[in-house]
Amino acid sequence: MSLSPRPRTIVSVVGARPNFMKLAPLARQLAGRGDVRHVIVHTGQHYDRGMSDVFVEGLDIPRPDYNLLVGSASHAQQTASIMQRFEPVCLELRPDVVLVYGDVNSTVAAALVAAKLGIRVGHVEAGLRSRDWSMPEEINRVVTDRLSDLLFTPSRDAGDNLRAEGVAPERIHFVGNIMIDSLATLLAGGGLNGGNGHNGRPPYVVVTLHRPSNVDDPQTLRELLDALGEVSRERQIVFPVHPRTRDRLHALAWHPDDERVQLVEPLSYRDMLKLVIGSDLVITDSGGLQEETSYLGIPCLTVRPNTERPITCAQGTNRLVAPRADALRDAARAAWSRRRNPAPSIERWDGKAAERIAAVLCDGSHFD
Ligand code: UD1
């Protein structure tokens, strides 16, 4: 029996690199439903080809129906600009549900617009909490969840967080990890076979760093670069550099030893996964990589004092590490012998999250 009226128009709002792999599997599911019109809005928060287009193309996402072209700005300016440009789209389409993904500025901005127009908001990847209010993403997560009617959680701890904050249980749907849907689809289709997306040979370590807390303060960044120097004595490092980090490295005039530290442009989703699969260890501050490495059984060191994804430490391959040279070197030595085979199995990280979300949206299903 259907508990809610069938939505006719569903609008998905994406804008930044980590949104696209969460949208792709749901776009496929909704395309298979004859009674749904799925409209995709790209805010333009990320706009470089390597941060946006290559993801849309590589993940076979339909071309966005709207691009709001907001670009980079301060948090307030960017959030306000997304709101101003998204509101007319909502007024034109009058959607039944607006879906937002993850924890970026596009997520909270679109949720605010929809909630104020009385449109139901669905949050994909709801309930994650780092409890670190200095992270812009934590503010985005808490506010977005507060505005949401449908909260799609990736793990049981996320549901516990929401219930502890007073969210009604019937709004919470434990659907599993939708990003793993994208990864599982590529793995099953052989899309990650062949090559590792870089010129070097194993053994190597993959590094990604882009959090403001790690790269914006020159002293912290220097300490981290020293730490990578230590690690690179024992393993070659391949480091795809985010535009924010590239600018900070230029400002420090930092030049690595090319033999040991290979700096590369941001990679496509597929090339990044190939690179990770061929590696001994990932050192990162990304949220998505903590989950992907756990699913793949590859050791991961997260250079942060906390994580909103504690399940990756409790059940996966992730460890938190301080951004100090000695701590990172010792943790790396311990980690690269820790590759998990078979990879850990985490509840509902099974490639079916998008199917469950579509069932909630279209059939009124509920997932406890
Ligand atoms: C954003 C998200 C972060 C996510 C990350 C993934 C927020 C608050 N942060 O951080 O959660 O992990 O995306 O990449 O939403 N820039 C470019 N080209 C681009 C995009 C950005 O050069 O296509 C540069 C600009 O100088 C910009 C800076 O990168 O000012 C930061 O971009 P922004 O979107 O503000 O935040 P991210 O650091 O990418």
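Residues numbered from 1 in each chain as written. Predicted model: local features only at pLDDT ≥ 70, side-chain atom pairs only at ≥ 80, totals over all residues. Heavy atoms only, no water.

S.K.: How would you sum up the site of the ligand? Please name residues and give values.
M.R.: Taken together, the neighbourhood of the ligand is formed by 20 residues, with Q45, H46, E137, H210 and R244 sitting nearest. Separating an oxygen atom of the ligand from a side-chain N or O atom of Q45 is a distance of 2.8 Å. H46 has a polar side-chain atom sitting 2.8 Å from an oxygen atom of the ligand. Burial of the ligand by the protein amounts to 87% of the accessible area it has alone, namely 740 Å². (Near = heavy atom within 4 Å. Polar contact = N/O pair within 3.5 Å; in protein donor to acceptor, adjacent residues only side chain to side chain. Areas by Shrake-Rupley, 256 points an atom, 1.4 Å probe, with all protein chains shown as cover.)

S.K.: Residues and numbers for the packing of helix α7 (residues 178–188) against helix α11 (residues 269–277), please.
M.R.: The N-to-C vectors of α7 and α11 enclose an angle of 80°; their axes lie 12 Å apart at closest approach. Judged by the inter-axis angle, α7 sits roughly perpendicular to α11. Of α11, the residues touching α7 (which contributes M179, S182, L183, L186 and L187) are Y269, R270, L273 and I277. For the contact of α7 with α11, the per-class residue count stands at 7 nonpolar, 1 polar and 1 charged. (Axes fitted to C-alpha atoms, helices over the stretch in contact; angles between N-to-C directions. Helix = DSSP H or I, 4+ residues; strand = E, 2+ residues; numbered from the N terminus. Parallel < 35°, antiparallel > 145°, perpendicular 65-115°, else oblique. Contact = heavy atoms within 4.5 Å. Nonpolar A, V, L, I, M, F, W, Y, C, P; charged D, E, K, R; others polar.)

S.K.: Could you give me a rundown of the sheet that holds strand β10 (residues 261–264), with the residues and numbers involved?
M.R.: On the basis of which strands lie adjacent, the open sheet formed by 6 strands has the order β10-β9-β8-β11-β12-β13 and parallel pairing. Either end of the sheet is taken by a strand with one partner, and the two such strands are β10 and β13 (318–320). Going across the sheet, the axis of each strand differs from the next one's by a mean of 20°, ignoring polarity. In the packing of helix α9 (residues 218–232) onto the sheet, the strands contacted are β8 (204–208), β9 (236–240), β10 and β11 (281–284), and the crossing angle to β9 comes to about 140°. Lying on the sheet, helix α12 (residues 287–296) is in contact with β8, β11, β12 (300–302) and β13; it crosses β12 at an angle near 160°. (Pairing = 2+ DSSP bridges.)

S.K.: Account for α9, naming residues and giving values.
M.R.: Because an α-helix packs 3.6 residues into every turn, residues spaced three or four apart end up facing the same way. Look at α9: 21 Å from first C-alpha to last across 15 residues, which is about the 21 Å you get at 1.5 Å a residue. Buried within α9 are the following residues: T220, L221, L224, L225, A227, L228, V231 and S232. Projected down its long axis, α9 carries its buried residues within an arc of 155°, all on one side. Residues of α9 that are exposed and angled more than 90 degrees away from the buried face: Q219 and D226. (Expected span 1.5 Å × (residues − 1). Buried < 20%, exposed > 50% of the residue type's maximum accessible area, 1.4 Å probe, protein only. Arc of directions from axis to C-beta.)

S.K.: Now, about the environment of E230: what can you tell me, with residues and values included?
M.R.: When you line up the elements, E230 lands in helix α9. The sequence separation of E230 and E138 amounts to 92 residues, and the corresponding C-alpha distance is 31 Å. Setting aside anything within four residues of it in sequence, one finds E230 in contact with A325 and R329.

S.K.: Got a sec to walk through the sheet that holds strand β3 (residues 66–67)? Specific residues and values, please.
M.R.: Pairing is parallel across the open sheet formed by 7 strands, whose spatial order is β3-β2-β1-β4-β5-β6-β7. The outermost strands of the open sheet, each flanked by one partner alone, are β3 and β7 (172–174). Set on the sheet, helix α15 (residues 353–363) makes contact with β1 (9–14), β4 (97–101), β5 (120–124), β6 (150–153) and β7; between it and β6 the angle comes to about 165°.

S.K.: So, the side chain of N177: which residues are in play, and what are the values?
M.R.: Its location among the elements puts N177 in the loop between β7 and α7. A distance of 3.1 Å separates a polar atom in the side chain of N177 from a polar atom in the side chain of E291. Ignoring any residue separated from it by four or fewer positions in sequence, one finds N177 in contact with P154, E291, R348, W349 and A353.

S.K.: Mind laying out the pattern of salt bridges, listing which residues take part and the relevant values?
M.R.: Scanning the entire structure with this criterion turns up 25 salt bridges. Notably, a salt bridge pairs E230 with R233, separated by 3.8 Å at the nearest N-O pair. Residue classification places R233 among the exposed residues on the basis of a relative accessible area of 57%. Note that E234 and R333 form a salt bridge whose closest N and O atoms lie 2.7 Å from each other. In this pair, E234 sits in the loop between α9 and β9 while R333 sits in helix α14 (residues 325–335), placing the two residues 99 residues apart along the sequence. R333 gets classed as partly exposed once you look at its relative accessible area, which sits at 42%. The network of salt bridges with shared partners includes K22, D103, E125, E138, R141, E291, R304, E308 and R309. (Salt bridge = Lys/Arg side-chain N within 4 Å of Asp/Glu carboxyl O.)

S.K.: Tell me about the confidence of the model for the chain, and name the residues and values.
M.R.: Averaged over all residues, the pLDDT of the chain equals 94, while 97% of them reach at least 70. Element-level mean pLDDT values for the chain span from 90 in helix α2 (residues 53–58) up to 99 in β6. (pLDDT = per-residue confidence, 0-100.)

S.K.: Explain the pairing of β11 to me, and be specific about the residues and the numbers.
M.R.: Neither face of β11 is exposed, since L281 and I283 on one face and V282 and T284 on the opposite face are all buried. In this structure, β8 lies alongside β11, joined through 4 bridges in parallel fashion. Among the inter-strand pairings, T208 is bridged to a residue of β11, identified as T284. Bridge count for β11 against β12 is 3 bridges, and the pairing is parallel. Residue pairing across strands places V282 opposite C300, the latter belonging to β12. Crossover handedness for the path β11 to α12 to β12: right-handed. (Right-handed = clockwise from strand over helix to strand, strands pointing away.)

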